[in-house]
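Tertiary structure, described
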Amino acid sequence: MLVIRKTQYDTLEHTAETTFLSEAVEHLRQYDPARATTAGETGLQEASALGLKIARENGYLGRNSVMLVLELMAAMGSYFWDDPQFRWFRTIFANGQDMPELDRTERLRWHVISYLDRVYGADGEWGRELLVRTSQLDMAGARAAAAEHAAKPEMFLRWLHPQKYDFLGENVVRELWGRTVPEAKRLGVNSPEGVMFAGALMFAFGHRVFEDPLFARMNQVLREPAGMESGHELPTMLGRLNAYLKQQLGRAVPPQTTA
């Protein structure tokens, strides 16, 4: 009789998970080459592990279901499940664990595709416009935006991505904006212009973009100490962001789901 000890089970399980995570990294790389670039290899590995964890915690156990969760992270931010921008989606994502997993995954996919088409356009055209606007945000633009929208700063986000603003609604965007001031302070750019900078990235890429493993390389570029003069952090970050996003524009593809 074949006997497999617990240590052998643990080894087999670890090997299977390592193989799956490698497959997940490759899936992310193929699904969104631009996001893979902003993540880097370490970021892709961390995001894959996080995606597997969140998928399991919410009852998505099959390969295709987990890959879809990874695609949601790439399209909506790695922390989409606690992002105020996606509160409408949270119940859809978490509920239905009594359904067959295939039906549940297809329901999830339908809602995601509907959202992406409505917010980014059927061919991703509004998503590219978002990248262009964000890549053009320099110090003068941030200063002008802060002055123009001093009374109602969240309206800056409507200019940045009107389709997303209209989909989410004013109350949700205002809640997100309430989180931008502490983020700007944490980044060391606690000024009206710095809040515009932080708010733009949080709105475009997810409320925890500055700790998102899928943006690890971008965050490393933004915070690189070399060339960062005291008192000139924000102009330096904006210049780096502009250059970085313009590189990404050449790699950008319309968000979609494939798993």
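My aim in this report is to walk through the structure given alongside it, one point at a time. (Residues numbered from 1 in each chain as written. Predicted model: local features only at pLDDT ≥ 70, side-chain atom pairs only at ≥ 80, totals over all residues. Heavy atoms only, no water.)

**Considerations on the packing of helix 2 (residues 33-57) against helix 13 (residues 216-223)**
Between helix 2 and helix 13, the shortest axis-to-axis distance is 5 Å and the interhelical angle comes to 105 degrees. In terms of their interaxial angle, helix 2 and helix 13 are classed as roughly perpendicular. Across the interface between the two elements, Thr37, Thr38, Ala39, Gly40, Glu41 and Gly43 of helix 2 pack against Ala216, Arg217 and Met218 of helix 13. Split into classes, the residues belonging to the contact of helix 2 with helix 13 amount to 3 nonpolar, 4 polar and 2 charged. (Axes fitted to C-alpha atoms, helices over the stretch in contact; angles between N-to-C directions. Helix = DSSP H or I, 4+ residues; strand = E, 2+ residues; numbered from the N terminus. Parallel < 35°, antiparallel > 145°, perpendicular 65-115°, else oblique. Contact = heavy atoms within 4.5 Å. Nonpolar A, V, L, I, M, F, W, Y, C, P; charged D, E, K, R; others polar.)

**Description of the pattern of salt bridges**
Enumeration according to the criterion identifies 16 salt bridges in this entry. Residue Arg143 pairs with Glu193 through a salt bridge whose shortest N-O separation is 3.8 Å. Of the two residues, Arg143 sits in helix 7 (residues 139-148) while Glu193 sits in helix 12 (residues 192-205), which places them 50 residues apart along the sequence. Taking relative accessible area as the criterion, Glu193 reaches 14% and is therefore assigned buried. (Salt bridge = Lys/Arg side-chain N within 4 Å of Asp/Glu carboxyl O. Buried < 20%, exposed > 50% of the residue type's maximum accessible area, 1.4 Å probe, protein only.)

**Concerning the side chain of His149**
Of note, His149 is situated in the loop between helix 7 and helix 8 (155-160). Of the residues examined, His149 reaches a relative accessible area of 15% and is grouped as buried. Apart from the residues within four sequence positions on either side, His149 is in contact with Met155, Phe156 and Met196.

Read these as spatial facts, not as claims about activity.
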